[in-house]
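A structural walkthrough
If you want the building blocks of each chain, they are given just below.
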Amino acid sequence: MKIRALTLVMSLVVSACAAQTGQTVATSNSPLPAALVELVTNDHTFGSGPSPFIVHLVLDHLDPTAGMSEASGLSRPLTDEEQEQIAEALQAIGEMRWIQDSGDWISEDLMPILDSSVILGVGEPRMDGTSAFVPVSLWCGGTCGTWLTYKLDLVAGLWEVVGIDGPVAVS
């Protein structure tokens, strides 16, 4: 537990230092939370400003549509460890709730039912040596969503987003 707390503090310090230079660096001891933090803080579809989201609704299983605009990925429940790491990372930037079905959180007009919320999903990471490729999804309305895959590298024991791999779908 102390190591996780230290890792989280180190991650926040790195992010704070990067933010002072105008750049956010999402890091974590797991590629999944690092990818979701990058998505919410930098690629949230609202330009270069801060994230407008206060509540992060996160699927409690792998999102088969993460990384692309149509279903083709795997689905399985997120492990307890994956959930713990994701929760720690997202709670550092706002409220976070686990959800089972995104459809239960979307209104008839395709908006999340909670004001200032976003629905997030993550797909199965693909590992390649000291790199990981993590598909992610963000839904904030009928014309507000994105699906992409991040490339992350293991740097000094932490996963750091270094770019986007493949196509990006935006709604």
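None of these values were measured; they are calculated from a predicted model. (Residues numbered from 1 in each chain as written. Predicted model: local features only at pLDDT ≥ 70, side-chain atom pairs only at ≥ 80, totals over all residues. Heavy atoms only, no water.)

1. Here we look at the overall build of the protein chain
- For the protein chain, the helix and strand inventory stands at three helices and nine strands.
- Going from the N terminus to the C terminus, the protein chain shows its helices and strands as α-β-α-β-α-β-β-β-β-β-β-β.
- Per-residue burial over the protein chain gives 43% buried out of 171 residues.
- Counting only contacts in the protein chain whose residues sit at least 6 apart along the sequence, the fraction spanning at least 24 positions is 55%. (Helix = DSSP H or I, 4+ residues; strand = E, 2+ residues; numbered from the N terminus. Buried < 20%, exposed > 50% of the residue type's maximum accessible area, 1.4 Å probe, protein only. Contact = heavy atoms within 4.5 Å.)

2. Digging into a nonpolar patch on the surface
- A contiguous nonpolar surface patch, about 260 Å² in accessible area, is contributed by Ile164, Val168 and Val170.
- Tracing the backbone through its elements, the reader meets Ile164 in strand S8 (residues 158-164). (Patch = residues over 30% accessible without salt bridge, like charges linked within 9 Å, V, L, I, M, F, W, Y side chains within 5 Å. Areas by Shrake-Rupley, 256 points an atom, 1.4 Å probe, with all protein chains shown as cover. Salt bridge = Lys/Arg side-chain N within 4 Å of Asp/Glu carboxyl O.)

3. Here we look at the pattern of salt bridges
- Considering all chains together, one arrives at five salt bridges under this definition.
- We note a salt bridge from Glu82 to Arg76, for which the minimum N-O separation is 2.9 Å.
- Relative accessible area serves as the criterion here: at 26%, Arg76 is assigned to the partly exposed category.
- Residues joined by salt bridges that share partners form a network here, namely Arg76, Glu82 and Glu124.

4. Points about the environment of Trp147
- Tracing the backbone shows Trp147 in strand S7 (residues 144-155).
- For Trp147, a relative accessible area of 13% translates into the label buried.
- In sequence terms Trp147 and Pro167 are 20 residues apart; their C-alpha atoms lie 8.6 Å from each other.

5. Some thoughts on the packing of helix H2 (residues 31-41) against helix H3 (residues 80-91)
- Between H2 and H3, the least distance of the axes is 8 Å, while the angle of their chain directions is 30 degrees. Between H2 and H3 lies a crossing of right-handed hand. Contacts between H2 and H3 involve Leu32, Pro33, Leu36, Val37 and Val40 on the former and, on the latter, Glu82, Gln85, Ile86, Ala89 and Leu90.
- Residues that form the contact of H2 with H3 fall into these classes: eight nonpolar, one polar and one charged. (Axes fitted to C-alpha atoms, helices over the stretch in contact; angles between N-to-C directions. Left-handed = near helix turned anticlockwise from the far one by under 90°. Nonpolar A, V, L, I, M, F, W, Y, C, P; charged D, E, K, R; others polar.)

6. Some details on H2
- Extensive coverage of H2 is indicated by the burial of 10 of its 11 residues.
- Looking at H2, one finds that the buried residues are Pro31, Leu32, Pro33, Ala34, Ala35, Leu36, Val37, Glu38, Leu39 and Val40.

7. Some remarks on the confidence of the model for the protein chain
- Chain-level statistics for the protein chain give a pLDDT mean of 83 and a share of 81% at 70 or above.
- Segment residues 1-24 is flagged for pLDDT under 50; beyond a separation of four residues in sequence, or across chains, it makes 19 contacts in the model. (pLDDT = per-residue confidence, 0-100.)

8. Details of the nonpolar core
- Core analysis: the largest hydrophobic core is formed by 30 residues, its most contacted members being Leu120 and Val136.
- For this core, the secondary structure elements donating two or more residues are H2, H3, strand S4 (117-122), strand S6 (131-141), S7 and S8.
- Among the elements that take part in this core, H2 stands out by supplying seven residues, more than any other.
- Setting aside its immediate chain neighbours within four residues, Leu120 contacts Leu36, Leu39, Val40, His56, Leu57, Val58, Leu59, Leu90, Ser137 and Leu138. (Core = buried A, V, L, I, M, F, W, Y, C linked by side-chain atoms within 4.5 Å.)

9. Here we look at H3
- With 12 residues, H3 extends 16 Å from end C-alpha to end C-alpha; this agrees with the ideal 16 Å at 1.5 Å per step.
- Restricting attention to buried positions, one finds in H3 the residues Glu82, Gln85, Ile86, Ala87, Ala89 and Leu90. (Expected span 1.5 Å × (residues − 1).)

10. Things to note about the packing of aromatic side chains
- Tallied over the full model, the rule gives two aromatic pairs.
- A ring pair is formed by Phe46 and Phe53, whose centres lie 5.8 Å apart and whose planes are at 80 degrees; its orientation type is edge-to-face.
- Phe46 gets classed as partly exposed once you look at its relative accessible area, which sits at 45%.
- On the basis of relative accessible area, Phe53 is assigned to the buried category, the value being 8%.
- Arg126 extends its terminal NZ or CZ atom over the ring of Phe133, reaching a point 4.2 Å from the ring centre. (Phe/Tyr/Trp six-rings, centres within 6.5 Å; stacked < 30°, edge-to-face > 60°. Lys NZ or Arg CZ within 6 Å of the ring centre and 35° of its normal.)

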